[in-house]
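Residue-level structure breakdown
Single-letter residue listing:
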Amino acid sequence: LNRRLAEFGTTIFAEMSALAVRTGAINLGQGFPDTDGPEEVREAAVRALRDGRGNQYPPGPGVPELRTAVAAHQLRRYGLSFDPDTEVLVTAGATEAIAAALLALLEPGDEVVALEPYYDSYAACIAMAGGTRVPVTLRPGAADGEPAFRLDLDELRDAVTDRTRLLLLNTPHNPTGTVLTRDELAAVAELAVERDLLVVTDEVYEHLVFGTAEHVPIATFPGMRERTVTIGSAGKTYAFTGWKVGWVTAAPALLTAVRSAKQYLTYVASGPFQYAVAEALALPDAYLTAYRQDMEAKRDLLAAGLAEAGFGVYRPAGTYFVTTDIRPLGESDGFAFCRSLPERAGVVAVPNAVFYDHREEGAPFVRFAFCKRVPVLEEAVGRLKSLA
Ligand code: PMP
Ligand code: GLN
């Protein structure tokens, strides 16, 4: 393994899902729903396979039906207008979009300011691109009177140097569940314009926002459309994480850059599924509302159960993860806790420390996924209560 990748071992998701399989524990570690997305979308995939659409290499930028559907979605939901031919790119999940964006936009030595804790592929992709990551840590605080991880805008400002090439954002944020507010995003946008930075924004949980929280794409702020690469995914929005269909929207110059890298990563992927996702994006908004409400109820169930089991709970404003603090249980090392949890309670979770450069900052935090059927969550909560 080369020096750029040596610090990254097996991803925590593979490790923890393997642990769940080995021990038979309930897997609230890796974030994937245990119920597949809509029947009509699965049928659309079957039709595409049967009718021979996408069984051979689809067009490099993605099939026109899906690019058009992505553009229509951005316009309908956010008032953002993108040309499907020059400003939309289909990728092999958001994961490839992140990799392609960083490989395309970074020069060796460029600094990338990213919100810590960060989704694990960010650090690895910055490293593969020869960039340097500069973490800005989200710290425990409060939002709307509830415990929440917050961004310190002064710290963000201070993290930007003459070598900073881009800001890598993620909202709604994995693993903390923080949703950046309109005001926070306005300040980030102002900073990006003032310092002439690019922004790569991972918005895969855009439709999973709860209560009064609102997802606002940073591309909607003044001066941002031209400097922002926005990333979405059907995995999270429609509960098809195995299909690996993601997308990028960006102004032509940026989109062309990302496409240049993408074409040498996978070239193309997921042919028939692209047609199906085009149909998913055209579903009435009622589908997304129902999906969000279902996830919100599950959030509440798991958050309340974890609190009853004695965890400190950060009830998330978005995503499908609850971050907890294990110190009220008399524990302090999330890694050790997660490694012993299957045996102690028959549940798998993820130690947030893996998402930090400052490991000690993340040590007492543990993430549980709630994108699971209600009886599964109830069983998990019952088991976790035995810890106290
Ligand atoms: N970004 C974030 C924040 C994620 O949590 C994930 C994984 N669910 C991804 C990107 C990867 O998405 P995909 O499965 O579409 O590659
Ligand atoms: N995004 C999912 C999570 O955070 C997992 C994705 C993966 O396994 N790489 O749990």
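Residues numbered from 1 in each chain as written. Chains lettered and ligands numbered in written order. Predicted model: local features only at pLDDT ≥ 70, side-chain atom pairs only at ≥ 80, totals over all residues.

**Focus on the site of ligand 1**
Close to ligand 1 lie 15 residues, the nearest being Gly93, Ala94, Thr95, Asn174 and Ser233. Those elements that place two or more of their residues in the shell around ligand 1 are α4 (93-105) and α8 (234-238). Taken together, the residues of the shell around ligand 1 sort by class into three nonpolar, nine polar and three charged. (Near = placed C-beta within 6 Å. Helix = DSSP H or I, 4+ residues; strand = E, 2+ residues; numbered from the N terminus. Nonpolar A, V, L, I, M, F, W, Y, C, P; charged D, E, K, R; others polar.)

**Overview of the domain arrangement of the protein chain**
Assigned domains within the protein chain: domain 1 (12-37 + 286-385) and domain 2 (39-281). The distance between the C-alpha centroids of domain 1 and domain 2 comes to 24 Å. Listed per partner, the contact involves 31 residues of domain 1 and 34 residues of domain 2. At the level of secondary structure, the elements contributing two or more residues to the side of domain 1 that touches domain 2 comprise α11 (285-308), β12 (321-325) and α13 (359-362). Here the side of domain 1 that touches domain 2 takes six residues from α11, the largest share from any one element. Here the residues of the side of domain 1 that touches domain 2 are counted per class, giving 15 nonpolar, eight polar and eight charged. (Domains from an automatic or database assignment. Contact = placed C-beta atoms within 7 Å.)

**Thoughts on the sheet that holds strand β10 (residues 246-249)**
Taken together, the seven strands give an open sheet; going across it, the order is β2-β10-β9-β8-β7-β3-β4, and neighbouring strands pair in mixed fashion. Each having just a single partner strand, β2 (88-91) and β4 (132-137) make up the two edges of the open sheet. The mean inter-strand angle of the sheet, taken between neighbouring strand axes irrespective of direction, is 20 degrees. The pairing of strand β8 (residues 198-202) with strand β9 (residues 228-233) spans four bridges and is classified as parallel. Residue Val199 lies in a different strand from β9, and its bridge partner there is Thr228. The strands touched by helix α9 (residues 252-262) are β2, β9 and β10; relative to β2, the strand with the most contacts, the crossing angle is about 25 degrees. (Pairing = 2+ DSSP bridges. Axes fitted to C-alpha atoms, helices over the stretch in contact; angles between N-to-C directions.)

**So, helix α12 (residues 334-345)**
For α12, the set of buried residues is Gly334, Phe337, Cys338, Leu341 and Pro342. Projected down its long axis, α12 shows its buried positions confined to an angular sector of 135 degrees, all on one face. Exposed positions of α12 whose direction lies more than 90 degrees from the buried face are Ser340 and Glu343. Tucked inside the fold, the buried residues of α12 contact α1 (12-23), β13 (347-348), β14 (350-351), α13 and β15 (365-369). Immediately beyond the C-terminal end of α12, within one or two residues, lies Gly346, with a positive phi of roughly 65 degrees. (Buried ≥ 20, exposed ≤ 12 C-beta atoms within 10 Å, placed from the backbone. Arc of directions from axis to C-beta.)

**Thoughts on the UniProt feature "domain: Aminotransferase class I/classII large" (unreviewed entry) in the protein chain**
Mapped onto the present numbering, the UniProt feature "domain: Aminotransferase class I/classII large" (unreviewed entry) falls at residues 25-381. Structurally, residues 25-381 comprises 40% helix and 19% strand, and the distance from its first C-alpha atom to its last is 13 Å. (UniProt positions renumbered as here; feature names shortened; annotations may be inferred.)

**Topic: helix α10 (residues 271-281)**
Taken across its 11 residues, α10 has 10 buried, putting it largely inside the fold. By the burial criterion, the buried members of α10 are Pro272, Phe273, Gln274, Tyr275, Ala276, Val277, Ala278, Glu279, Ala280 and Leu281. In this fold, the buried residues of α10 make contact with α2 (39-50), α3 (64-78), β2 and α8.

**A closer look at the nonpolar core**
Counting 125 residues, the largest nonpolar core has Ala101, Leu102 and Val248 as the members making the most contacts within it. Look past the residues within four positions of Val248 in its chain and what remains in contact with it is Leu89, Thr91, Ala97, Ala101, Val229, Thr230, Ile231, Leu255 and Val258. (Core = buried A, V, L, I, M, F, W, Y, C linked by C-beta atoms within 7 Å.)

**Things to note about the confidence of the model for the protein chain**
Averaged over all residues, the pLDDT of the protein chain is 97; the fraction at 70 or higher stands at 100%. Interface confidence for the predicted complex, given as ipTM, is 0.97, next to a pTM of 0.97. (pLDDT = per-residue confidence, 0-100.)

**Remarks on the sheet that holds β14**
Strand order in the open sheet formed by four strands is β11-β12-β15-β14, with antiparallel pairing between adjacent strands. Single-partner strands in this sheet number two, and they are β11 (312-314) and β14. Relative to β15, β12 runs antiparallel, the two sharing five bridges. Looking across to β15, one finds that Phe321 is bridged to Ala369.

**Quick look at the pairing of β8**
Within β8, five of the five residues are buried, leaving the element largely enclosed by the surrounding structure. Neither face of β8 is open: one carries Leu198, Val200 and Asp202, the other Val199 and Thr201, and all of them are buried.

**Considerations on the environment of Pro316**
Along the chain, the position of Pro316 falls in the loop between β11 and β12. Classification of Pro316 by C-beta neighbours within 10 Å gives buried; the count is 33. When the C-alpha positions of Pro316 and Arg359 are compared, they lie 21 Å apart, and in sequence the two are 43 residues distant. Those residues within four positions of Pro316 in sequence are excluded, and the remaining contacts are Gly177, Arg299, Phe321 and Val322.

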